[in-house]
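# Residue-level structural notes
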Amino acid sequence: MRTIEQYLPDHPFFEGLDAPTLALIAGCATNISLAAGEYLCHEGDAADHFFVVRRGRVAIEVHGPAAGTLVLDTADEGDVVGWSWLVPPYVSTFDARAAEASGVVAFDGACLRGKCDTDAHLGYELMKRVTQVMNGRLVAAQMRLLDLYGGPGATDASPR
Amino acid sequence: MPRLAEPTAVQPVESAMVPRLFRLVDRRQDTADTFTIMLEPNDGVPLAFIPGQFTMLSAFGVGEVPISVSGDAHVAGPLQHTVRDVGAVTHALARTAVGDVMGVRGPYGTGWDVADGHSRDVVFVGGGIGLAPLRPAVLEVLAHREDFGRVVLMYGARSPEELLFVDELKQWEDQGMEVLVTVDYGRESWQGRVGLVTKLIPRAGFDPRSTLALICGPEVMMRHTALALVGRGVRSSRIRVSLERNMRCGVGLCGHCQYRELFVCVDGPVLPYAQVTGLLGLREV
Ligand SMILES: Cc1cc2nc3c(=O)[nH]c(=O)nc-3n(C[C@H](O)[C@H](O)[C@H](O)COP(=O)(O)OP(=O)(O)OC[C@H]3O[C@@H](n4cnc5c(N)ncnc54)[C@H](O)[C@@H]3O)c2cc1C
Ligand code: FES
């Protein structure tokens, strides 16, 4: 398996960042192995990390009194999990659980946002990338609201 | 004075509107609201169709609806339709029992034309009940697997319980198709993917420069999927979608299915995405 330093430049999330910035980010990163069912974070936890899945699958879950536990999204190889580390109040908004044995790179978000506060360029670059992750999740949530495969003609003329 | 042309032999309108009688010989409940019916013609003459075509199915005394054929076009056997129970007519069809008789007109409309994908990669994207109209095309490709490059199915449904043809999906994988499935919501016990079907597109193994893509599902899903495929490099002229519009005659006479200049019943339902790019998602006229 490639080291984190080797892996980062090819990952779309980090694409375009210069070598010193990548080195800095890699310095804040650790490889973590998870057994199936192990949690990366829980809703309400301090959001001090974000993750990139290297193998396996991570389920993004929420819980409700009526709905019980609902998996809203899954992150597979290459997907980024977590944005709350860069958005005040830095609190996790979901649970993230390894749906199967998985490997992730965990980034120390608390350390990185400290650096972002003093380096506006780094802050902007990371904020741009995190916004894309958020946007992806927002579009997915919007589409789910449309309940495309649900009731007949739920959103358009088509029931299928 | 020039003579008027002799009238050519055309099928009288009345006969195009008269259904043939078919008997329900078998029935399978696929999900809570979706079922597959197998029909044999009372007159013994099988109904030949090409993948992508639909028939007008009538539940006598209730009404008639367009439903795509979901069976194998090249294997003799009952005519097969997979139907989602959404309203008056589909509900009446859902209540039919083995031995009951229903009306069938058709087959009508255009097909997927999978032969156009020979020597190329073929990508199927189905959403919800949209996998049913794609199934005959999938079966055709898999029956001639060696004629095609990589073959991929991306399939999205609302929940794991609403996935269609689950056992067959495994067989299709064994027959050399990459099958990627995702659902909108899953319970903790679901180990598969959750998320939009479009999320699968960057992961699927196909060469966008040499791909025929066939999409069937709700229009919003087809629009987003087509955009994502174009984004990956598939030419819009190599993408086909199957459109749905309310239908009455099914043969281009009544105008019920009109979609700007198109009559979906005769010009479609399968149309090149390039031809309907601006129309997808439009309300009916
Ligand atoms: C070419 C074609 C192929 C189709 N293939 C299949 C198939 O393989 N399997 C399948 O289950 N369904 C298929 N459909 C959809 C099917 O025709 C409709 O679900 C059916 O007409 C609904 O009739 P109903 O009397 O049961 O419901 P209705 O009582 O007519 O309608 C119930 C509700 O659904 C809405 N609705 C239902 N169908 C349509 C529609 N076509 N356009 C706009 N609004 C609609 C109505 O607005 C209403 O709210 C296809 C449609 C077309 C045009
Ligand atoms: S359904 Fe009558 S013209 Fe198409």
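These figures come from a predicted structure and were not determined experimentally.

### Some words on the state of the cysteines
Within this structure, the stated rule accounts for zero disulfides over all chains. Cysteine A:Cys116 shares no disulfide, and the gap to the nearest cysteine sulfur, in A:Cys111, comes to 9.4 Å. This cysteine, B:Cys216, is not joined by any disulfide, and B:Cys257 carries the nearest cysteine sulfur, 16 Å off.

### A closer look at the packing of aromatic side chains
Under the definition given, this model contains seven aromatic pairs over all chains. Their ring planes at 75° and their centres at 6.1 Å tell us that A:Trp83 and A:Phe94 sit as a pair that is edge-to-face. One end of the pair, A:Trp83, is in the loop between strand 6 (80-81) and strand 7 (95-98); the other, A:Phe94, is in the loop between strand 6 and strand 7, with 11 residues separating them in the sequence. Overall, the relative accessible area of 15% leaves A:Trp83 in the buried class. Among the aromatic residues, those joined into a ring-pair cluster are A:Phe13, A:Phe14, A:Phe50, A:Trp85 and A:Phe107. A cation over a ring is seen here: A:Arg113 above A:Tyr90, with NZ or CZ 3.9 Å from the ring centre. In this structure, B:Arg135 is placed above the aromatic ring of B:Phe165, and the distance from its NZ or CZ to the ring centre is 5.4 Å.

### What to know about the interface of chain B and chain A
Between chain B and chain A, the residue contacts involve 37 residues of the former and 33 residues of the latter. With both chains or domains summed, chain B and chain A bury close to 3,100 Å², and 52% of this area falls on carbon and sulfur atoms. Viewed at the interface, chain A and chain B are joined by four salt bridges. Salt-bridge contacts for A:Asp147 lead to B:Arg158; the nearest nitrogen and oxygen are separated by 2.8 Å. Where chain B meets chain A, there are 14 residue pairs in polar contact (both at pLDDT 80 or more).

### Quick look at the packing of helix 3 (residues 109-118) of chain A against helix 4 (residues 120-146) of chain A
Residues and elements named next belong to chain A. The geometry of helix 3 relative to helix 4 is characterised by a closest axis approach of 5 Å and an angle of 125° between their N-to-C directions. When the axis of helix 3 is compared with that of helix 4, the two are oblique. Along its contact with helix 3, which presents Leu 112, Lys 115, Cys 116 and Thr 118, the element helix 4 presents Ala 120, Leu 122, Gly 123 and Leu 126. Taken together, the residues of the contact of helix 3 with helix 4 break down into five nonpolar, two polar and one charged.

### Overview of the sheet that holds strand 4 (residues 63-68) of chain B
Residues and elements named next belong to chain B. The strand order across the open sheet formed by six strands is 4-3-6-1-2-5, and the pairing between neighbours is antiparallel. Edge positions in the sheet fall to strand 4 and strand 5 (79-84), since each has one partner strand and no second. Each strand axis lies, on average, 40° off the axis of its neighbour in the sheet, ignoring direction. Sheet analysis places strand 1 (residues 20-29) next to strand 2 (residues 34-41), joined by seven bridges and oriented antiparallel. In the strand pairing of strand 2, Phe 22 is matched with Pro 41.

### A few points about the domain arrangement of chain B
All names here are of chain B. Here the domain parsing of chain B yields domain 1 (13-108) and domain 2 (114-280). A straight line from the C-alpha centre of domain 1 to that of domain 2 covers 22 Å. Every contact between the two is made by 25 residues of domain 1 and, on the other side, 22 residues of domain 2. In total, domain 1 and domain 2 occlude about 1,800 Å² of area from one another, counting both sides; carbon and sulfur atoms represent 67% of this. Along the contact surface separating domain 1 from domain 2 lie zero salt bridges. Linking domain 1 to domain 2 there are four residue pairs in polar contact (both at pLDDT 80 or more). Mapped by element, the contributors of at least two residues to the side of domain 1 that touches domain 2 are strand 3 (54-59), strand 4, strand 5 and strand 6 (101-108).

### Digging into the pattern of salt bridges
Charged atoms that come close allow side chains of opposite charge to pair. Evaluated as defined, the whole model comprises 22 salt bridges over all chains. Residue A:Asp73 is joined to B:Lys199 by a salt bridge in which the shortest nitrogen-to-oxygen separation is 2.6 Å. Here the residue A:Asp73 occupies a position in strand 5 (residues 68-75), and B:Lys199 occupies one in the loop between strand 10 (193-194) and strand 11 (211-216), the pair thus bridging two chains. Two residues, B:Arg193 and A:Asp76, come together in a salt bridge whose shortest N-O distance is 3.0 Å. With B:Arg193 in strand 10 and A:Asp76 in the loop between strand 5 and strand 6, this pair bridges two chains. Across the pair, A:Asp76 and B:Arg193 agree in class, each one buried.

### Some remarks on the sheet that holds strand 5 of chain A
All names here are of chain A. Strand order across the open sheet formed by four strands is 2-7-4-5, with antiparallel pairing between neighbours. The sheet terminates laterally at strand 2 (39-41) and strand 5, the two strands that pair on one side only. Within this sheet the neighbouring strands show an average axis-to-axis angle of 35°, counted without direction. Alignment of strand 4 (residues 58-64) against strand 7, held across four bridges, turns out to be antiparallel. Counted as the bridge partner of Glu 61 is Asp 95 from strand 7.

### Section: helix 5 (residues 219-232) of chain B
For helix 5 of chain B, built from 14 residues, the straight-helix expectation of 20 Å at 1.5 Å per residue is met to within 8% by its first-to-last C-alpha distance of 20 Å. Listed in full, the buried residues belonging to helix 5 of chain B are B:Glu219, B:Val220, B:Met221, B:Met222, B:Thr225, B:Ala226 and B:Leu229. Lining the buried residues of helix 5 of chain B we find helix 4 of chain A together with strand 7 (121-127), strand 11, strand 12 (239-242), strand 13 (258-259) and helix 7 (273-276) of chain B. Trailing helix 5 of chain B by a residue or two, B:Gly233 shows a phi angle of about 115°, which is positive.

### Overview of the packing of helix 3 (residues 131-143) of chain B against helix 4 (residues 166-174) of chain B
Residue and element names in this part refer to chain B. Across the interface, helix 3 lies against helix 4 with an axial gap of 12 Å and an inter-helix angle of 25°. One finds that helix 3 runs roughly parallel with respect to helix 4. Helix 3 and helix 4 meet at a crossing whose hand is left-handed. Taken together, the residues of helix 4 that come into contact with helix 3 (itself represented by Leu 131, Arg 135, Val 138, Leu 139 and Leu 142) are Glu 168, Leu 169 and Trp 172. Across the contact of helix 3 with helix 4, the residue classes tally to six nonpolar, no polar and two charged.

Parameters and conventions
Residues numbered from 1 in each chain as written. Chains lettered and ligands numbered in written order. Predicted model: local features only at pLDDT ≥ 70, side-chain atom pairs only at ≥ 80, totals over all residues. Heavy atoms only, no water. Disulfide = S-S within 2.5 Å. Phe/Tyr/Trp six-rings, centres within 6.5 Å; stacked < 30°, edge-to-face > 60°. Helix = DSSP H or I, 4+ residues; strand = E, 2+ residues; numbered from the N terminus. Buried < 20%, exposed > 50% of the residue type's maximum accessible area, 1.4 Å probe, protein only. Lys NZ or Arg CZ within 6 Å of the ring centre and 35° of its normal. Contact = heavy atoms within 4.5 Å. Buried area = accessible area lost by both parts, 1.4 Å probe. Salt bridge = Lys/Arg side-chain N within 4 Å of Asp/Glu carboxyl O. Polar contact = N/O pair within 3.5 Å; in protein donor to acceptor, adjacent residues only side chain to side chain. Axes fitted to C-alpha atoms, helices over the stretch in contact; angles between N-to-C directions. Parallel < 35°, antiparallel > 145°, perpendicular 65-115°, else oblique. Nonpolar A, V, L, I, M, F, W, Y, C, P; charged D, E, K, R; others polar. Pairing = 2+ DSSP bridges. Domains from an automatic or database assignment. Expected span 1.5 Å × (residues − 1). Left-handed = near helix turned anticlockwise from the far one by under 90°.

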